[in-house]
Amino acid sequence: MGPGVGRPAGWLAPLAALLLLPAGVVAPGWSASIPLANPSSGPCPAGSPVQLLDPAELGPTRAPARPAADPQRRDYRHRLAPTPLGWPRRHHWCVWVEPASGVGPAARWEQAWLTAVDAALASWAELVPITRTARPDQAQVRILRRRPPLRGGRASHGRAELALAVLQRGERQELEPVVQLSLSPGQRPLALQATALHELGHAFGLWGHSDQAGDAMAAVPGAVPVLQLSHRDRATFQWLQQQAGLSPAAPPGPAR
C-alpha cells in the first residue's frame, strides 16, 4: 500500500479480462450483513460490454474540477481525482470475490484471505450498500486472490485498476466503473485486512490518498495496520457520495 499503489493505470483497464473471469460459488464465512445477489434478479443483474470509452479521446475539459481542500481539514477531498466522465462513485456496489478451492493444504490460507476480505467489506458496508454475487459479470468490483504484477520494477500487495465501460444490463445501457482488485495472499492476516480496506476504498471511488498515516487511505501506511475507517475516511467518502456520478460524453455508439 505504498505511494502510487491502487491508482488506475491510465483510466482504462482491459475490460475483456475483467468480464471473462470464471464464475464460482461464494465461499462460506461471509458476513450476514452483506446480502447475496439473486443470479437472475435483484440489484446485480448480469451485464455484457457494449463499448469501452477511452478517456484520452474525450478531452480533459470534460472532467469535473478537483475540489478545494476542506478549510477545517475534516477530510482529504482535495486529494481525490475524478475521471474525465465524472466521479466513479455509485449508491450501490455489486462485488464478486474469488472463491476458495476448499481442497488441499492451501485451503486454510485461502479461507484466511477470505476472512480478511470479508472484514474489510463489512467496514465499507457501513457507508454504502454492498451486495455479493457469485458471478463476475454481475459485479462492478472483482476481487482476485493474487499478487499484483510488478509496476515500474516495484512490488505491491494490493492494486485496484479502474475501467469505464458502457454495459448492457437487462434492457438498459449504463455507464459504469468496473474495478479489478488484486490482493496478495502472502501477508499476515491483519496486514491483509488493512490492504483490502485500502484498496476497496479505491474501488468504491476514492482515487487518491490521504496524507495522514492514521487513515485507511494513507499513501504511506504506519507501523500499525489500520483496520477501521477513520473519521476522515468516512467524511471524505460521504463528500464523494454527494457528487455527480459518471455521465457519458455522448450516446453509446457501436461496440468496438
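Computed from a prediction, not measured in an experiment: that's the story for all the values here.

Observations concerning unusual backbone geometry
- The phi angle at arginine 73 is positive, at roughly 55 degrees, despite the residue not being glycine.
- Mapped onto the elements of the fold, arginine 73 is located in the loop between strand 1 (47–52) and strand 2 (93–97).

A word on the environment of alanine 165
- Here alanine 165 shows up in strand 5 (residues 158–169).
- Classification of alanine 165 as buried rests on a relative accessible area of 0%.
- When the C-alpha positions of alanine 165 and leucine 52 are compared, they lie 4.8 Å apart, and in sequence the two are 113 residues distant.

Quick notes on the pattern of salt bridges
- Scanning the model with the defined rule gives 10 salt bridges in all.
- In this structure, glutamate 176 engages arginine 90 in a salt bridge whose closest nitrogen and oxygen atoms are separated by 3.9 Å. Of this pair, glutamate 176 sits in strand 6 (residues 172–183) while arginine 90 sits in the loop between strand 1 and strand 2, placing them 86 residues apart in sequence.
- Of the charged contacts, one joins arginine 232 and aspartate 211 as a salt bridge, the two residues approaching to 3.4 Å between their closest N and O atoms. Placement of arginine 232 in helix 4 (residues 231–241) and of aspartate 211 in the loop between helix 3 (189–203) and helix 4 is noted, with a sequence separation of 21 residues between them.
- A cluster of three or more residues bridged by salt bridges with shared partners is formed by Glu98, Glu110 and Arg145.

Considerations on the side chain of aspartate 233
- The residue aspartate 233 is located in helix 4 in this model.
- We note that aspartate 233 is buried and unpaired, the nearest opposite charge coming from arginine 232 at a distance of 6.7 Å.
- If we skip the residues at most four places from it in the chain, aspartate 233 touches Tyr76, Asp215, Ala216 and Met217.

Regarding the nonpolar core
- Leu121, Trp124, Ile143 and Phe204 are the most contacted members of the largest nonpolar core, which has 45 residues in total.
- Secondary-structure elements contributing two or more residues to this core are strand 2, helix 2 (107–124), strand 4 (141–145), strand 5, strand 6, helix 3 and helix 4.

A word on the packing of aromatic side chains
- As enumerated under the stated definition, the model contains 4 aromatic pairs in all.
- Counting every residue linked through ring pairs, the aromatic cluster contains Trp93, Trp124, Phe204 and Phe237.
- Across from the ring centre of tryptophan 109, 5.3 Å away, lies the NZ or CZ of arginine 108, which sits over that ring.
- Over the ring of tryptophan 113 we find arginine 145, and its NZ or CZ is 5.2 Å from the ring centre.

Observations concerning the confidence of the model for the protein
- Chain-level pLDDT for the protein is 81 on average; 78% of the residues reach the 70-or-more range.
- Mean pLDDT across the elements of the protein bottoms out in helix 1 (residues 15–19) (36) and peaks in helix 4 (97).
- Every residue in residues 250–256 is under pLDDT 50, and counting partners more than four places away or in other chains gives 13 contacts.

Parameters at a glance
Residues numbered from 1 in each chain as written. Predicted model: local features only at pLDDT ≥ 70, side-chain atom pairs only at ≥ 80, totals over all residues. Heavy atoms only, no water. Helix = DSSP H or I, 4+ residues; strand = E, 2+ residues; numbered from the N terminus. Buried < 20%, exposed > 50% of the residue type's maximum accessible area, 1.4 Å probe, protein only. Salt bridge = Lys/Arg side-chain N within 4 Å of Asp/Glu carboxyl O. Lys, Arg positive; Asp, Glu negative; His and termini not counted. Contact = heavy atoms within 4.5 Å. Core = buried A, V, L, I, M, F, W, Y, C linked by side-chain atoms within 4.5 Å. Phe/Tyr/Trp six-rings, centres within 6.5 Å; stacked < 30°, edge-to-face > 60°. Lys NZ or Arg CZ within 6 Å of the ring centre and 35° of its normal. pLDDT = per-residue confidence, 0-100.

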